[in-house]
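Observations on chain architecture
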Amino acid sequence: MTRVLGNVGRGKPPVHARMSIGGQWRDADSGARLDCIDPTTEELLGTVPAGGAADADLAVRAAEEASGAWRALGWTRRAALLRDLAAAVAEVAEPLALLDVLDSGNPIAGMRGDLESTVRELHYYAGLAGQTHGASTPTGAETVSFTQREPYGVVVRIVPFNHPFKFACGKAAAALAGGNSVIVKPGEQTSLSALALAEVAEAVLPAGVLTVLTGTGAELGEALVSHPGVQRVAFTGSVPTGRRILAAAAQNLAHVTLELGGKNPLIVCPDVDPRKAARDAVASMNIARSNGQSCGSTSRLYVHESIRAAFTDALLDRVRELRVGDPCDEANEVGPVAFAAHHARVLDHIERAKASGATVAAGGSRPFGLDRGYFVEPTVFTDVTDDMPIAREEVFGPVMAVLGFSDLDDAVRRANDTDFGLTANVYTRDLRVAHRLADRLQAGYVYVNGTGRRPPGSPFGGWKHSGLGKENSHEELLSYTREKTITITLPADDPDWSWPR
Ligand code: NAD
């Protein structure tokens, strides 16, 4: 078998990777494969197995078999192994980050950040692993009643393409800490680093505890979420897929959590420095982290009319200074979007915005001189109205819309006027305004200033169509356990038996 880690690169022969099921490296049962394309050069980096129902079944059985011993290890040992995994990942963080840059097009600085935060997540859940206590119920002396939390056994974890390694590894941590075996299915466009995770984990975790299966959503994803051996599914991805997964998992009444899309508003109040707020708005679009392909990106900017012109000027200055190019080059802050179909989708959003009457204030097409690769210019639209698609639909690329407001109540109403509810963001120096707006904004996470700066342990998860459940928290750990109530009625006295004298 050719290992992924260390063998994928431009100018190197394509790597034909395999997946490990129950400790054995194998191809898909059907023999089918998916191409992994470098979005910067449009060249083939390698291929991965295109798994399907037979592979899903094999993996679920292997994971079931491994789960008993994993649970029986106890939380202190599991926590120690998660820390070992964190150390093993940290040791190869640079090649893993580079792998993600090649496979996804995300800038190198962003992917180094992803690796750091993955290691933090592993440590966070290792530290939390014992916090799955039950409770006792008050009873008389003749009865004992208490609850205990037990792992589900097998957890299926389906993740999207945009933060490939961080999601494949970091999003498995809570379920592993809770005593489950985990099957991860990465986005089919960026699967290489997830298979590298399987290589790293092989030396640390018992076989079958962490499995990575590669394949498409339609073939492999559906087979996994509807498998009768799976009682717990966690999904990160788009709203339409989230709906399909919820419906498929309903056949087994599996417990599902969903982390879905967003069209996140940022309300900029008149008491802030417009130049600083504008620079922060670009940072919180995650353009320099993942080319704007992040669920939490702040793509709707509501700016108070009194500072709108100054804010927009500063925003355009910052956007125009972003260097677009090969994401392996540290001098570049923006790379290509992840794959051809997504490139076409983002450009289509831009064209529809133009057709609806919005003004292109910056960007608006493929960057001049970059004829290869799935590049999109960082783009800012002005003259945007709330009903335009660019103010309502998630683009998932480096595209922002600037809107104005005069009245705070009106800004809150417009910010809330969406089916999404992932994050909402406020820039103000006034604590009263901050509290009032935070209280009224309909989103699962509200940032006041410092958008994106999430302390470990602060629950993250969307409202409305942006999701179900919370991650990055104790609540996530508990969501990978199920509660059992045990009531023991103590035997009545036996009149024929007495204490020996
Ligand atoms: P997607 O929904 O197309 O795919 C996500 C994953 O689901 C992939 O692994 C895909 O193969 C799989 N999948 C597709 N159809 C499936 C099915 N029928 N059954 C099972 N699995 C299936 O999403 P995407 O385009 O890869 O990712 C972008 C979306 O993800 C955006 O909407 C973004 O906002 C969202 N996202 C949300 C968060 C969050 O934390 N809320 C984080 C990152 C991305």
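Throughout this description, residue numbers start from 1 for each chain and increase along the sequence as written. Totals for whole chains, interfaces and linings use every residue, but because this is a predicted model, local features are given only for residues with pLDDT of at least 70 and side-chain atom pairs only at 80 or more, for both listing and counting. Excluding hydrogens and water, the side-chain figures rest on all heavy atoms present in the structure.

A contiguous patch of negative charge on the surface is contributed by Glu142, Asp493, Asp494 and Asp496. Secondary structure elements follow DSSP: runs of H or I no shorter than four residues count as helices, runs of E no shorter than two count as strands, and numbering proceeds from the N terminus. Inspection of the secondary structure assignment puts Asp493 in the segment after strand 21 (481-489). Burial here depends on accessible area, computed with a 1.4 Å probe over protein chains only, as a share of the maximum for the residue type. Under 20% is buried, over 50% is exposed, and the range in between is partly exposed. With a relative accessible area of 76%, Asp493 lands in the exposed category. Residues enter a patch when their relative accessible area is above 30% and they make no salt bridge; the linking distance is 9 Å between like charges and 5 Å between nonpolar side chains (Val, Leu, Ile, Met, Phe, Trp, Tyr). The protein chains shown are the only cover counted for residues, whose accessible areas, like all others here, come from Shrake-Rupley with a 1.4 Å probe. Basic side-chain nitrogens of Lys or Arg form a salt bridge, by our definition, when they fall within 4 Å of a carboxyl oxygen of Asp or Glu. Residues counted as positive are Lys and Arg, residues counted as negative are Asp and Glu, and His and the chain ends are not counted. To locate a charge, take NZ of a lysine, CZ of an arginine, CG of an aspartate or CD of a glutamate.

Within the secondary structure layout, Thr216 lies in the loop between strand 10 (210-212) and helix 8 (217-225). Separated by 31 residues in the primary sequence, Thr216 and Lys185 place their C-alpha atoms 8.8 Å from one another. Here, residues are in contact when the closest pair of their heavy atoms is within 4.5 Å. What Thr216 contacts, discounting residues up to four positions off in sequence, is Leu34, Lys185, Glu188 and Gly221.

Let's shift gears to the nonpolar core. The tendency in soluble globular proteins is for nonpolar side chains to be buried as a group. What makes a nonpolar core is a set of buried Ala, Val, Leu, Ile, Met, Phe, Trp, Tyr and Cys residues whose side-chain atoms join them at distances within 4.5 Å. Counting 93 residues, the largest nonpolar core has Val4, Val89, Ile183 and Leu205 as the members making the most contacts within it. Discounting residues that sit within four places of it in the chain, Ile183 has contacts with Ala59, Val60, Ala63, Val154, Val155, Val156, Arg157, Thr211, Leu213 and Leu224.

The next subject is helix 13 (residues 340-355). Under the convention used throughout, the expected extent of a helix is 1.5 Å for every residue step, that is, one less than its residue count. The terminal C-alpha atoms of helix 13, which comprises 16 residues, lie 22 Å apart, in line with the 22 Å expected from a rise of 1.5 Å per residue. Every buried residue belonging to helix 13 is among His342, His343, Val346, His349, Ile350 and Ala353, and all of these are buried. The buried residues of helix 13 occupy one face: seen down the axis, they fall within an arc of 120°. Among the residues trailing helix 13, Gly357 stands out with phi positive, at a value near 110°. This arc corresponds to the set of directions leading from the helix axis out to the C-beta atoms.

Domains assigned within the protein are domain 1 (15-260 + 462-485) and domain 2 (265-448). Domain boundaries shown here were taken from an automatic or database domain assignment. The distance between the C-alpha centroids of domain 1 and domain 2 comes to 30 Å. Taken together, the contact pairs 33 residues of domain 1 with 37 residues of domain 2. For the pair domain 1 and domain 2, the two sides together bury roughly 2700 Å², of which 56% comes from carbon and sulfur. Buried area: the accessible area, evaluated with a 1.4 Å probe, that two parts lose upon being put together, summed over both parts. Per-residue buried area on domain 1 facing domain 2 is highest for Thr40, Phe161 and Lys464; these three make up 21% of the total on that side. Put simply, domain 1 and domain 2 have three salt bridges between them. Put simply, Glu330 and Arg112 hold a salt bridge, and the shortest N to O gap is 3.1 Å. Nitrogen and oxygen atoms within 3.5 Å of one another constitute a polar contact, given that in protein one can donate a hydrogen and the other can accept it, and given that sequence-neighbouring residues count only through two side-chain atoms. Linking domain 1 to domain 2 there are 19 residue pairs in polar contact (both at pLDDT 80 or more). Of all the secondary-structure elements, those providing two or more residues to the side of domain 1 that touches domain 2 are helix 3 (93-104) and helix 4 (108-128). Of all the elements, helix 4 adds the most residues to the side of domain 1 that touches domain 2, at seven residues. Residue polarity follows a fixed list, in which Ala, Val, Leu, Ile, Met, Phe, Trp, Tyr, Cys and Pro are nonpolar, Asp, Glu, Lys and Arg are charged, and the others, Gly among them, are polar. Residues of the side of domain 1 that touches domain 2, tallied by class, amount to 11 nonpolar, 14 polar and eight charged.

So, on to the sheet that holds strand 19 (residues 445-448). Reading across from one edge, 15-16-17-14-13-18-19 is the order of the seven strands in this open sheet, with mixed pairing throughout. Taken across any chain shown, the strands that pair with only one partner, and hence form the sheet edges, are strand 15 (359-362) and strand 19. Pairs of neighbouring strands in the sheet enclose a mean axial angle of 25°, with direction left out of account. Two strands qualify as a pair provided that DSSP identifies no fewer than 2 bridges between them. Looking at chain direction, strand 18 (residues 423-427) and strand 19 are connected through four bridges and run parallel. Counterpart to Thr423 in the pairing with strand 19 is Tyr445. To get an axis, fit a line to the C-alpha atoms, keeping to the stretch in contact for a helix; angles then go from 0 to 180 degrees between the N-to-C directions. Relative to strand 14 (residues 300-304), helix 12 (residues 305-321) is tilted by about 135°, and along the sheet it contacts strand 13 (265-268), strand 14, strand 15, strand 16 (379-382) and strand 17 (399-405).

Taken as a whole and assessed by the stated rule, the structure comprises 32 salt bridges. For Glu333, the salt bridge is made with Arg318, and the minimal N-O distance between the two is 2.7 Å. In this pair, Glu333 is assigned in the loop between helix 12 and helix 13 and Arg318 in helix 12, connecting sequence segments 15 residues apart. Classification of Glu333 by relative accessible area gives partly exposed; the value is 24%. Several salt bridges share partner residues, and in doing so they unite Arg157, Lys171, Glu471 and Glu476 into one network.

Turning our eyes to something else, we now look at the site of the ligand. To be near a molecule or strand, a residue needs just one of its heavy atoms within 4 Å of it. Not every one of the 28 residues close to the ligand is listed here, only the nearest: Glu188, Ser238, Thr241, Leu260 and Glu394. A distance of 3.3 Å is found between an oxygen atom of the ligand and a backbone nitrogen or oxygen belonging to Gly237. In the environment of the ligand, an oxygen atom lies 2.7 Å from a nitrogen or oxygen atom belonging to the side chain of Ser238. Burial of the ligand by the protein amounts to 92% of the accessible area it has alone, namely 860 Å². Of all the secondary structure elements, the ones that give two or more residues to the shell around the ligand are helix 8, strand 11 (232-236) and helix 9 (239-250). Tallied by class, the residues present in the shell around the ligand amount to 13 nonpolar, nine polar and six charged.

Turning our attention to the packing of helix 15 (residues 408-416) against helix 16 (residues 431-440). Across the interface, helix 15 lies against helix 16 with an axial gap of 10 Å and an inter-helix angle of 35°. For helix 15 against helix 16, the interelement crossing comes out right-handed. Between helix 15 and helix 16, the contacting residues are Leu408, Asp409, Val412 and Asn416 on the first element and Val433, Leu437 and Arg440 on the second. Left-handed describes a crossing whose near helix is turned anticlockwise from the far helix by less than a right angle; the clockwise case is right-handed.

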